[in-house]
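Each chain is listed here by its residues.
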Amino acid sequence: LSLDWDTVQENEADASAFKVVLNRNYDVREVRTLYASLQSAVRQDQRVGLGFMGNRRRTAERLANAEDMIGQTMKAEIDARQGKLTVTHPDFVRVMSTLKRDNGILSFYHDMFQLAKSNLEYARTNRPNDPAAHYYYGKVMKLVGRTDEDRKLADEAFQRAIQFDHRERNYGAHFYRALALIDQKNAGNNNEIAKELQAYMMASMRFASEEASFANALPAKTVGEIIALAK
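Residues numbered from 1 in each chain as written. Predicted model: local features only at pLDDT ≥ 70, side-chain atom pairs only at ≥ 80, totals over all residues. Heavy atoms only, no water.

## Considerations on the overall build of the protein
A count of helical and extended segments in the protein gives 11 helices and 0 strands. Beginning at the N terminus, the succession of helices and strands in the protein can be written as α-α-α-α-α-α-α-α-α-α-α. Among the 231 residues that make up the protein, the fraction classed as buried is 31%. Taking as baseline every contact in the protein between residues at least 6 positions apart, the subset at least 24 positions apart corresponds to 58%. Summed over its atoms, the accessible surface of the protein is roughly 15,000 Å², and 55% of this surface lies on carbon and sulfur atoms. (Helix = DSSP H or I, 4+ residues; strand = E, 2+ residues; numbered from the N terminus. Buried < 20%, exposed > 50% of the residue type's maximum accessible area, 1.4 Å probe, protein only. Contact = heavy atoms within 4.5 Å. Areas by Shrake-Rupley, 256 points an atom, 1.4 Å probe, with all protein chains shown as cover.)

What follows is the structure in structure tokens.
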């Protein structure tokens, strides 16, 4: 699907957003960081630039427009609010941490490993008890890591995923933890390796059982009645 975006309307939307943000006493100068992040992401992986948000030409144009509003059009209003402007807020950080975690997971599955790594690092820092953020960060580091320190970071991430995964939804961390112990080639680890593999198998079976129970939550007669009603 090819969409023809009206740049005039988009520029007007940006200008309106600037006013709304500034009226709520948020520092619009931080918009520069947004476009810098987009440009950095495109440099790391050109696929980011395929969407309209990451289009290189439009990002450069919107950054130039932002600089014009910051330095000229809205300069007086910004200067008048000096000392009152908020750069960030804990609620914003919490929301962004969740978004960056989910974006990092999607990036991982689309082989955009550097983008996944940076997003998951942010999520881990700001949501330290999020097992999925740790688990997928470990998976990324296991794939892109080349040094002993990288492998150590991956193993530590899997351990933290296990620590916080009370619902056992990221049970693969047990399997990767076992592999890390096996790589150490230390017979003293055998009991712990067996323990991690057993935990992986049991959690996997429980998850499969839960999925099956959800799939069969409705009795056959009820399903048939629903289908008949739908017809």
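## Some remarks on the pattern of salt bridges
For the structure shown, the criterion picks out 19 salt bridges. Between Glu 61 and Arg 57 there is a salt bridge whose closest N-O contact spans 2.9 Å. Separated by 4 residues within a single helix, Glu 61 and Arg 57 lie in helix H3 (residues 56-73), roughly one turn from each other. For Glu 61, a relative accessible area of 30% corresponds to the partly exposed category. The closest approach of N and O atoms between Arg 101 and Asp 130, which form a salt bridge, is 2.9 Å. Placement of the pair is Arg 101 in helix H5 (residues 90-109) and Asp 130 in the loop between helix H6 (113-126) and helix H7 (131-144), with a sequence separation of 29 residues. For Arg 101, a relative accessible area of 16% corresponds to the buried category. Given the relative accessible area of 3%, Asp 130 is considered buried. (Salt bridge = Lys/Arg side-chain N within 4 Å of Asp/Glu carboxyl O.)

## Some remarks on the nonpolar core
Counting 15 residues, the largest nonpolar core has Tyr 135 and Tyr 136 as the members making the most contacts within it. For this core, the secondary-structure elements that each account for two or more residues are H5, H6, H7 and helix H8 (148-164). When near neighbours in sequence (up to four residues on either side) are disregarded, Tyr 136 contacts Ile 105, Phe 108, Tyr 109, Leu 120 and Asn 170. Core analysis: the next-biggest nonpolar cluster, separate from the first, contains 13 residues, Tyr 35, Leu 63, Ile 78 and Leu 85 among them. (Core = buried A, V, L, I, M, F, W, Y, C linked by side-chain atoms within 4.5 Å.)

## Notes on unusual backbone geometry
The phi angle at Glu 168 is positive, at roughly 55°, despite the residue not being glycine. Since its relative accessible area comes to 27%, Glu 168 is described here as partly exposed. Non-glycine residue Lys 185 carries a positive phi angle of around 50°. By the element assignment, Lys 185 lies in the loop between helix H9 (172-183) and helix H10 (190-215).

## Points about the packing of H7 against H8
One way to put it is that H7 packs onto H8 with a least axis distance of 8 Å and a crossing angle of 155°. Judged on the interaxial angle alone, H8 and H7 are roughly antiparallel. The two elements H7 and H8 cross, and the hand of that crossing is left-handed. Touching Pro 131, His 134, Tyr 135, Tyr 137, Gly 138, Lys 139, Met 141 and Lys 142 of H7 are Asp 150, Leu 153, Ala 154, Ala 157, Phe 158, Arg 160, Ala 161 and Phe 164, all from H8. Residues that form the contact of H7 with H8 fall into these classes: 10 nonpolar, 2 polar and 4 charged. (Axes fitted to C-alpha atoms, helices over the stretch in contact; angles between N-to-C directions. Parallel < 35°, antiparallel > 145°, perpendicular 65-115°, else oblique. Left-handed = near helix turned anticlockwise from the far one by under 90°. Nonpolar A, V, L, I, M, F, W, Y, C, P; charged D, E, K, R; others polar.)

## With respect to the packing of aromatic side chains
Tallied over the entire structure, the rule returns 12 aromatic pairs. Centre to centre, the rings of Phe 108 and Tyr 109 are 5.2 Å apart; their planes meet at 75°, and the pair counts as edge-to-face. For Phe 108, a relative accessible area of 9% gives the class buried. Ring geometry for Tyr 171 versus Tyr 200: centroids 5.9 Å apart, planes at 45°, classification tilted. (Phe/Tyr/Trp six-rings, centres within 6.5 Å; stacked < 30°, edge-to-face > 60°.)

## Observations concerning the environment of Val 93
Relative to the elements of secondary structure, Val 93 occurs in helix H5. For the pair Val 93 and Arg 127, spaced 34 residues apart in sequence, the C-alpha to C-alpha distance is 9.3 Å. Excluding residues within four positions of it along the chain, Val 93 makes contact with Thr 88, Tyr 122 and Asn 126.

## Observations concerning the side chain of Asn 189
Residue position: Asn 189 is located in the loop between H9 and H10. In this structure Asn 189 comes out as buried when scored by relative accessible area, which is 10%. Filtering out sequence-adjacent residues up to four positions away, Asn 189 remains in contact with Leu 181 and Gln 184.

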